[in-house]
Amino acid sequence: MNSLVGPRSVKAPPDSTLTSGSARIRPGLKIRTKLLLLVVLLLTIPWMGYESVREMEKFLLEGQEQALELTTQGISSILGNRTDLFDPGVGVPELIGRPLTSLLAEIEGPLAVDAPPDSWAMAVGVLTHFSGSGLFECGPDYDPESLAVRHGLAINPESVFAYFEIDDDVLVFRDPALLSLNSNDQIRMTVQRNNGEILRYLLTAQAPGRLSVYLMRANWKDVVDGEALREIAGTIDPVEFGYAVKIRIPRELLGVGSRLKFEVVDVDDETDRAIRRIISTEPDPMSHAFGSVRLVTPELAKLIQPLYISEANITVWDKSYRVRAQVGSVVPPAREAFGMAPPNPGPFFQRVEDELIRFFDWILRSPARGLDDMPADSSAEDQRLLARVLSEGEPNTERRRYGNAKLIVTAAPIWAQGEIEGAVLIKQSANKLLALQYETLQRFTILFLAVFIFLSLAILIFSTRLTYRVSRLQRETEQAASSEGRLLKDRIRAGARSSDELGSLTRSISSMLHNLGQYTRYLEKLPDTLAHELHNPLNVVNSSLENLQYNHRELTDDKHLQRARNGIGRLRSIITSLTEAASLKEALSQEQEQLERFDLCALVQNCVEGYQSVNPGYRIVPTLAPGSAWMLGVPDRISQLLDKLIDNAIEFGTRNGLIIVNVKRVADEIELTVSNDGPALPSEIADRLFDPMVSSGRDARQTHLGLGLYIVRLVAEFHKGTVAARNRRGGTGVELVVTLPMIPTP
Amino acid sequence: MATVVAIVEDDTDQRENYSDVLTAHGYEVRAYADRPSAEAAFDQELPDLALLDIMLGEDMDGGFDLCMQLRNLSPTIPVIFLTARDSDADRISSQRMTAWDYITKPVSLEFLVARVHALLRISEQLQTQPSNDSSVAVGSLEVNEASMLVNWKGKPVNLTLTEFWIIESLTRNPGHVRTYDALSDVTRQGLVERNTINGYIRRIRNKFRELDPNFDRIQTVHGTGYKWEQDNE
């Protein structure tokens, strides 16, 4: 029973073909690898997401396109049958880029340039505010305190009057000592005549009062004509918030259909005189191209004013391809276009996300950047589309790509009395939509990445735990039985409480081991039980025979009685050897405290002499290492062990053969070897030779219960030793080796 | 009046065989098959010697119970356990109940009779006059062959009959080796394995060590037998 949990003491013979632990490991994927490969399949999700976003993009673009078409047609029907609006005579020169303001105020009389600013402000009516958030002038660090412009225009039959109220913290006048004209606060006026000629006027002053006006070249540095112009008159008046500017421009200078743009240039530092900011009355960079003549009909402009659509440019054309009204720009508001970071970087997670987004921008090319690809002038394409619409009389829609910029353009004819009077053209950027879609894709990707990493980690942890549990179960199962098939423990504790399949597998194995253990114990106890049960009938036979003999003296020498007694003798010796192992185990458990030091060499020498005298038919030769080999143990038991080894050698050796008893010291162990010259061990029992009831006995008349070597094993294990059986190298014979721990010679 | 020997044995054949041989040797035998009948009879009249099986049918320790009863009735009555159980635990139990002998089956009837005879003789001697006349001193050991008593350094050692015979045999020639064969004859059990002798010696040593932890007089001569070491003093 103790041996059930005893050490693995029986060494496998070197030539055995045992299934070792490593033999069960086959090359191939492990559970963890398999699960991780499965996780890799999750990578199809972003592809799926990408595809669906693509689908969505198509759908959205179509939706946008349809909406735009509807708008176009709506506008065209509003404008239908209004020939008055397209009358070339009502056209007025347009101030470029006032998409959101009301139109010019018309006044009766003239305004005096020297009149106080308030009277001008009254005359021009509502002022339009221009801040520095225009697209290209002021940049992201614009401060409204430093520069802001309020501007109004009025017109009378002779002149156009422009009035400016400019917020400026520092008013810097022109330094007469300096030759350059671009180093002080100034107003730049650009006029595009309807013949396409562009005139640039610089209005500057050395002191409050009259402004000097110069005609400039395109670089705004060089003067075309050194003489100051007289036709245009203006004054500059410092006021509490900055300064006010009044300008009078003769209408004949502009002519019909010309365009006008003002730029307020701000210089704040008296010494370095660098241009800090420019605020323009035309914040639409598209309009920098002066390709076409605008002949704006004020009423038409008023009509389409409320139709402002974000990031869309609505134009109304007459059949002579002249723009009669315009509202909106395809370019988004400045802040977005500048791609500025949000004011607060936010918490760590936000920053991580931002970094990731930047990374994706780099990989996927953000459509927000596509705006850079937006062409400054797309009038050629517009003209082509308009030509088609005007000639066919059918609405038409186009999708245009300029690099990464996407533009949806729709055009619809305007009918009046059965004739095409003009067309409405709406251009809208699809980039905002794409940017939204892109952002969705981004968020999705980040989310997916997070889920992917989380899942991978979870599966990694799960599979690691699973692998650990499986390998623990494997280890425990392997440890449950020795390589010879001897059961070392009868249950598996680790992981048996788990409720999953692995736990139940563990429990199954554990209960199987338990059953096997019970069976093994039953088998181990069998000889003892058997012996006990045999004692009583044997005693009956024995005592009956003795009585028979006692009552019938004449039978004493009867051969049959003699044979019966011999039979009883054999039965007794069988029973004794059956019980020997069981009683030995019991006895050994009590002898743990009776260990003594003794010299194994001396003991073997003594014993072998005894064996030789008892078995004269064999040569029993001790070959002992010189000196002594001391060990701690029970000498009786060691001699019992030797008895069994010699018995075994006699039983299996050849008759009159040689039995060698060898004792040698190997490191700190004693090796006791008993070898005979008998036939080699059958390989099928070699591993189990030291188990109970295993024998290779050949002689039917002799008793071969296979308990002798089992006793050898029990005694060796009791002395913390090991036993092994092997065929002798080179030639016949078997040697049984008992290795015992050695102690120093006292 | 004939000497009365009580036999308690559940197996009819064995009981009859013991009965036959003891009757043939002139003893009056009273045989019982189970504990209750034996108990009733012992309450009526005590035998001169009792031969008990330990396991009586389903009664696992019936023999021990009977031994206790007998011990209560008479402290000196010789009791022999004759059993198939050969465990140290049973031997110690029997010792605790001061049974005089413990024999394991199968037993030779010849030796059984010899034992019964020997024990009855000792019992008789104890009852009449416990004398030290036949005492033999071997160093600190006193062996009284008549009463089969052994004293070590003045204290009695509680030995069974077989154990006494072994001590007696070893001390008859102190310093001389008693071979296994010789000791086997002494036990009067027929065929005796070396291991059985070793078991007796072990139990004897244990009994001496209970009185004297440093007891080391019984020496093992490996592969041959045992000898009693002479006192040095």
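It should be noted that the structure appears before, not after, this text.
Source: prediction; values computed, not measured.

(A) Seen up close, the overall build of chain A. For chain A, the count of helices and strands is 15 helices and 25 strands. Residue burial in chain A is summarised as follows: out of 746 residues, 34% are buried. For chain A, the share of sequence-separated contacts (at least 6 apart) that also reach a separation of at least 24 residues comes to 68%.

(B) The arrangement of the overall build of chain B in detail. Secondary structure summary: chain B contains eight helices and 12 strands in total. Going through the 233 residues of chain B one by one, you find that 42% of them count as buried. In chain B, 58% of the contacts between residues at least 6 apart in sequence involve partners at least 24 apart.

(C) Spotlight on the pairing of strand E15 (residues 323–327) of chain A. Residue and element names in this part refer to chain A. Among the five residues in E15, five count as buried, and that is most of the element. Pairing between strand E14 (residues 312–318) and E15: four bridges, direction antiparallel. Following the sheet pairing, Ile-314 is matched in E15 by Val-327.

(D) Up close: the nonpolar core. By size, the foremost hydrophobic cluster in this structure holds 62 residues, and its most contacted members are Val5(B), Leu51(B), Leu52(B), Val79(B) and Ile80(B). Here this core takes six residues from helix H6 (residues 161–172) of chain B, the largest share from any one element. There are two domains that each give this core at least three residues, and those are domain 1 (4–128) and domain 2 (135–228) of chain B. The residues contacting Ile80(B), other than those within four sequence positions of it, are Leu51(B), Ala99(B), Trp100(B), Asp101(B), Ile103(B), Arg115(B) and Leu119(B). Core analysis: the second largest hydrophobic core is formed by 51 residues, Met631(A), Leu641(A), Phe652(A) and Leu740(A) among them.

(E) Up close: the sheet that holds strand E9 (residues 155–157) of chain B. Residue and element names in this part refer to chain B. Judged by pairing direction, the sheet is antiparallel, and its four strands sit side by side in the order E6-E7-E8-E9 without closing on themselves. Whereas interior strands pair on both sides, the edge strands pair on one side only; in this sheet they are strand E6 (135–138) and E9. In this sheet, adjacent strand axes meet at a mean angle of 25 degrees when their direction is disregarded. Running over the sheet, H6 touches E6, strand E7 (141–144) and strand E8 (149–152) and is turned about 115 degrees from E7. Here helix H8 (residues 194–211) sits on the sheet in contact with E8 and E9, set at roughly 160 degrees to E9.

(F) Spatial organisation of the environment of Phe173(A). Residue and element names in this part refer to chain A. Here Phe-173 is to be found in the loop between strand E5 (159–168) and strand E6 (186–192). Note on Phe-173: 18 C-beta atoms within 10 Å, which makes it partly exposed. Sequence spacing of Phe-173 and Glu-270 is 97 residues, and the spatial spacing of their C-alpha atoms is 8.7 Å. In this view, Phe-173 contacts Asn-184, Ala-205, Gln-206 and Ala-207; residues no more than four positions away in its chain are not counted.

(G) The arrangement of helix H11 (residues 559–590) of chain A in detail. When the terminal C-alpha atoms of H11(A) are compared, their 45 Å separation across 32 residues agrees well with the 46 Å that a helix rising 1.5 Å per residue should span. Bending of H11(A) peaks at approximately 35 degrees at the position of Glu580(A). Turning to H11(A), its buried residues are Ile575(A), Ser577(A), Leu578(A), Thr579(A), Glu580(A), Ala581(A), Ala582(A), Leu584(A) and Ala587(A). The secondary structure elements touched by the buried residues of H11(A) are helix H10 (501–551) and helix H15 (708–718) of chain A together with helix H4 (88–96) and H8 of chain B.

(H) Expanded view of the environment of Ile279(A). Residues and elements named next belong to chain A. With respect to the secondary-structure elements, Ile-279 resides in strand E13 (residues 275–280). By C-beta crowding, Ile-279 is classed as buried, having 24 other C-beta atoms within 10 Å. Residues Ile-279 and Val-149, spaced 130 residues apart in sequence, show a C-alpha to C-alpha distance of 7.4 Å.

(I) Examining the interface of chain B and chain A more closely. Chain B puts 27 residues into the contact, and the matching count from chain A is 31 residues. Put simply, the parts of the chain that give the side of chain B that touches chain A at least two residues each are helix H1 (12–24), helix H5 (109–128), H8 and strand E11 (218–221) of chain B. No other element matches the seven residues that H1(B) contributes to the side of chain B that touches chain A. Each residue belonging to the side of chain B that touches chain A can be placed in one class, and the counts come to nine nonpolar, 10 polar and eight charged.

(J) Representation of the pairing of strand E23 (residues 669–676) of chain A within the structure. Residue and element names in this part refer to chain A. Inspection of the sheet shows strand E22 (residues 658–666) paired to E23 by seven bridges, in the antiparallel sense. Within the sheet, the bridge partner assigned to Ile-660 lies in E23 and is Ser-675. Of the pairings in the sheet, the one linking E23 to strand E25 (residues 734–741) comprises eight bridges and is antiparallel in character. Within the sheet, the bridge partner assigned to Glu-671 lies in E25 and is Thr-739.

(K) Focus on the sheet that holds strand E12 (residues 225–228) of chain B. Residue and element names in this part refer to chain B. With respect to topology, three strands assemble into an open sheet ordered E10-E12-E11, the strand pairing being antiparallel. A strand with exactly one partner marks an edge of an open sheet, and here the two such strands are strand E10 (177–179) and E11. With strand direction ignored, the average angle separating the axes of adjacent strands in the sheet is 30 degrees. Where E11 meets E12, four bridges bridge the pair, whose relative direction is antiparallel. Its bridge partner lying in E12, Thr-220 is registered against Tyr-226.

Rules of the game
- Residues numbered from 1 in each chain as written.
- Chains lettered and ligands numbered in written order.
- Predicted model: local features only at pLDDT ≥ 70, side-chain atom pairs only at ≥ 80, totals over all residues.
- Helix = DSSP H or I, 4+ residues; strand = E, 2+ residues; numbered from the N terminus.
- Buried ≥ 20, exposed ≤ 12 C-beta atoms within 10 Å, placed from the backbone.
- Contact = placed C-beta atoms within 7 Å.
- Pairing = 2+ DSSP bridges.
- Core = buried A, V, L, I, M, F, W, Y, C linked by C-beta atoms within 7 Å.
- Domains from an automatic or database assignment.
- Axes fitted to C-alpha atoms, helices over the stretch in contact; angles between N-to-C directions.
- Expected span 1.5 Å × (residues − 1).
- Bend = angle between axes of the 7 residues up to and from the residue.
- Nonpolar A, V, L, I, M, F, W, Y, C, P; charged D, E, K, R; others polar.

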